[in-house]
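Summary of structural features
The primary structure of each chain is shown beneath.
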Amino acid sequence: MVAVLAVFSLGVVFWPHGETSFQEPGGFLLDAGGRPATLGTRLGPVTLVHFWATWCPPCIQENPALQRLAHDLADHRDFSVVMVAVADSRSKVSSFMGPAAQAVLFDPKWEVAHRYGTEKLPESYLVVRGEVVEKFIGPVDWDSAEVRQKLLARVSPTPAVRGMAGS
């Protein structure tokens, strides 16, 4: 009975409470150098967390648009993109991404991806101040005005941006 209670208590503490927060620790990530890393330390006020892999054709297809998005919104200091390569090798990611691979995190055993409900790739989460506010399943057209307006509405909630996002 004590063992069951202990397991239950640990489950309550460490199991994710829905898709609401990336702030809690969880799972095993590595940085590009192979050192342990946590997702929470990479989150800014508004972060797009993107789970992907080099062995995933839709991931490869959408990557250029995602890179353009990150570049185009780089001036918005509140916005960032965190790419998490799932079950992928650092050498393949490095060959594919070039110097940008240094910013990629690695989830070698799907631990963090599964913890947050990712079942297939690519999947992305818009995290605002630690809370997941949107989940994108499958490839996304990151060049789309509608998608960009949705993201910008979270970054700089000025009346002009809100008006555009609502149209």
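Anyway, here's the lowdown on the structure attached to this text. Just so it is clear, the structure is predicted and the values come from calculations on it, not from any experiment. (Residues numbered from 1 in each chain as written. Predicted model: local features only at pLDDT ≥ 70, side-chain atom pairs only at ≥ 80, totals over all residues. Heavy atoms only, no water.)

**Points about the packing of aromatic side chains**
Operational definition: Any two of the Phe, Tyr and Trp rings considered here, Trp counted by its six-membered ring, make a pair once their centres fall within 6.5 Å; the pair's planes then place it as stacked at under 30 degrees, edge-to-face at over 60, or tilted in between. Numbering goes from the N terminus for both helices and strands, where a helix is a DSSP run of H or I of at least four residues and a strand is a run of E of at least two. Each residue's exposure class comes from its accessible area (1.4 Å probe, protein chains only) as a fraction of the maximum for that residue type: buried when under 20%, exposed when over 50%, partly exposed otherwise.
Following the criterion strictly, the structure yields 3 aromatic pairs and no others. For the pair Phe51 and Tyr125, a centre-to-centre distance of 5.8 Å together with 90 degrees between the ring planes defines the contact as edge-to-face. Of this pair, Phe51 sits in strand S3 (residues 46-52) while Tyr125 is found in strand S6 (residues 123-128), placing the two residues 74 residues apart along the sequence. The class of Phe51 is buried, set by a relative accessible area of 0%.

**Some words on unusual backbone geometry**
A cis geometry characterises the amide bond from Leu121 onward to Pro122, with omega recorded as -5 degrees. One non-glycine residue with positive phi stands out, namely Trp110, at about 65 degrees. By the secondary structure assignment, Trp110 is in the loop between strand S5 (105-107) and helix H4 (111-115). Given the relative accessible area of 17%, Trp110 is considered buried.

**Thoughts on the environment of Trp110**
The condition that has to hold: In this analysis, two residues are considered to be in contact whenever any of their non-hydrogen atoms come within 4.5 Å of each other.
In sequence terms Trp110 and Leu29 are 81 residues apart; their C-alpha atoms lie 9.3 Å from each other. In contact with Trp110, other than residues within four places in its own chain, are Trp55, Val86, Ala87, Thr118, Glu119 and Leu121.

**Observations regarding the side chain of Thr47**
To keep it simple, the criterion reads: Side-chain atoms alone can form a polar contact between residues adjacent in sequence; in general such a contact is a pair of N or O atoms within 3.5 Å, and within protein one must be able to donate a hydrogen while the other accepts it.
With respect to the helices and strands, Thr47 occurs in strand S3. Reaching out from Thr47, the side chain makes a polar contact with the side chain of Ser80 at a distance of 3.3 Å.

**So, the pairing of S6**
Just so we agree on the cut-off: Whether two strands pair depends on DSSP finding at least two bridges between them.
Of all 6 residues making up S6, 6 are buried, and the element is well covered by its neighbours. Burial along S6 is two-sided: Glu123, Tyr125 and Val127 and Ser124, Leu126 and Val128, pointing in opposite directions, are all buried. The pairing of S6 with strand S7 (residues 131-137) spans 6 bridges and is classified as antiparallel. Each residue of the ladder has a partner; that of Leu126, found in S7, is Glu134. What sits between S6 and S7 in their antiparallel hairpin is a turn of 2 residues, with Arg129 showing a positive phi close to 50 degrees.

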